[in-house]
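# Summary of structural features
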Amino acid sequence: MAGKPKLHYTKGRGKMESIRWLLAAAGVEFEEEFVEAKEDLEKLRKDGALLFQQVPMVEIDGMKMVQTRAILSYIAGKHNLYGKDLRERALIDMYVEGTTDLMGMIMALPFQPPEAKEKNFALIIERATTRYFPVYEKVLKDHGQQFLVGNQFSWADVHLLEAILMAEECKPDILSPFPQLQAFKGRISNIPTIKKFLQPGSQRKPPADDKFIAQVKKIFNI
């Protein structure tokens, strides 16, 4: 029997957080080995564990997987969260790419200079409410189903809930104009594996604080 997946990354959200979310949604227990100093990253590089010299890296099924998208696709496919045919997989990919773009903007915000933050914060709210959330609201309204794709729980649903919660950290009432997304949030949050991941004490990571930002800058020479 294969051991638990082992995740190698910093002790924060970053690109690994969506991987944590997806594993948790699939009901997969995982271990974490944190990169807490530049030396930890250099050791992984020297050991040949990082194909492109970068984290995230996940040890899973005898592989040392890198590249966030590849890791997520593998987990989704393995745990039946990637649709039932090529068409559904294409829809899931499109929806995931949209939420990835939005979450990328939110994750980058704490690392930006103060003079850029106000402008970019406003841009995040504008993009979330005019470009991204209206798409998912319309999808749910048009097909009248519980989930985004194929009327079954998929990676796209997990990713959208993660994006919604991150956006609400920026603006708590951001879902006010989106009744379908409000209902979706309630449904997906109550799926047992997700509900467990949202409880205090889980492996879900908090938003970046000043201490974490300083640590990341030091590790990655930002």
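Here is a short report on the structure shown in this document. Note on numbering: residues in each chain are counted from 1, in written sequence order. Per-residue local features are limited, in this predicted model, to residues with pLDDT of at least 70; the limit for side-chain atom pairs, both in listing and counting, is 80 or more; totals at the level of whole chains, interfaces and linings are taken over all residues. For side-chain calculations, the full set of non-hydrogen atoms in the structure is used, while hydrogens and water are omitted.

The numbering of helices and of strands both runs from the N terminus, where a helix is a DSSP run of H or I of at least 4 residues and a strand a run of E of at least 2. Positionally, Arg13 belongs in the loop between β1 (6-9) and α1 (17-25). A relative accessible area of 10% places Arg13 in the buried class. Contacts are assigned to residue pairs with any non-hydrogen atoms lying within 4.5 Å of each other. Beyond its immediate chain neighbours, meaning those up to four positions away, Arg13 contacts Arg20, Met166, Glu169, Arg204, Lys205, Pro206 and Pro207. Residue exposure (1.4 Å probe, protein chains only): buried if accessible area is under 20% of the type maximum, exposed if over 50%, otherwise partly exposed.

A few words on the packing of helix α4 (residues 86-108) against helix α5 (residues 114-143). The angle between the axes and the distance between the axes are what describe a pair of packed helices. Axes, fitted as lines to C-alpha atoms, cover a helix only where it is in contact. Angles between the N-to-C directions of the axes lie from 0 to 180 degrees. Packing of α4 against α5 brings their axes to within 11 Å, and their N-to-C directions diverge by 160°. Relative to α5, the element α4 lies roughly antiparallel. Two packed elements cross with a definite hand, and for α4 against α5 that hand is left-handed. Along the contact surface, α4 presents Tyr95, Gly98, Thr99, Asp101, Leu102, Met105 and Ile106, while α5 presents Leu123, Ile124, Arg127, Ala128, Tyr132, Phe133, Tyr136 and Val139. Of the residues in the contact of α4 with α5, the class split is 11 nonpolar, two polar and two charged. Here is the rule for angles: anything less than 35 degrees is roughly parallel, anything more than 145 is roughly antiparallel, 65 through 115 is roughly perpendicular, and the remaining ranges are oblique. Left-handed describes a crossing whose near helix is turned anticlockwise from the far helix by less than a right angle; the clockwise case is right-handed. Ten residue types, Ala, Val, Leu, Ile, Met, Phe, Trp, Tyr, Cys and Pro, are classed as nonpolar, four, Asp, Glu, Lys and Arg, as charged, and the remainder, Gly among them, as polar.

Sheet strands associate in pairs through backbone hydrogen bonding, adopting either a parallel or an antiparallel arrangement. Strands sit in the order β2-β1-β3-β4 across an open sheet of four strands; the sheet is mixed. The sheet terminates laterally at β2 (31-34) and β4 (63-66), the two strands that pair on one side only. Across the sheet, the axes of successive neighbouring strands diverge by a mean angle of 20°, strand direction being ignored. Taken strand by strand, helix α3 (residues 68-78) contacts β3 (57-60) and β4, and its axis lies near 125° from that of β4. Two strands qualify as a pair provided DSSP detects at least 2 bridges between them.

With that settled, the discussion passes to the packing of aromatic side chains. Pairing of aromatic rings covers Phe, Tyr and Trp, the last counted by its six-membered ring, and requires centre-to-centre distances within 6.5 Å; plane angles under 30 degrees mean stacked, over 60 mean edge-to-face, and any other angle means tilted. Counted under the stated rule, the structure contains five aromatic pairs. Considering the side-chain rings of Tyr82 and Trp155, the 5.3 Å spacing of their centres and the 75° angle between planes classify their relative orientation as edge-to-face. Note that Tyr82 is positioned in the loop between α3 and α4 and Trp155 in helix α6 (residues 155-170), a separation of 73 residues in sequence. Among the residues examined, Tyr82 registers a relative accessible area of 7% and is labelled buried. According to the relative accessible area criterion, Trp155 is buried, its value standing at 1%.

Before going further, it helps to spend a moment on the pairing of β1. As defined by bridge partners, β1 adjoins β2 across four bridges and the pair is classed as parallel. The residue bridging His8 from the neighbouring strand is Glu33, located in β2. In this region the chain leaves β1, passes through α1 and returns to the parallel neighbour β2; the handedness of that crossover is right-handed. Bridge count between β1 and β3: three bridges; the pairing is antiparallel. Directly across from His8, in β3, lies its bridge partner Met57. By convention, orient the strands away from the viewer: a clockwise path from the first strand over the helix to the second makes the crossover right-handed.

No statement about biological role is implied by the geometric values presented.
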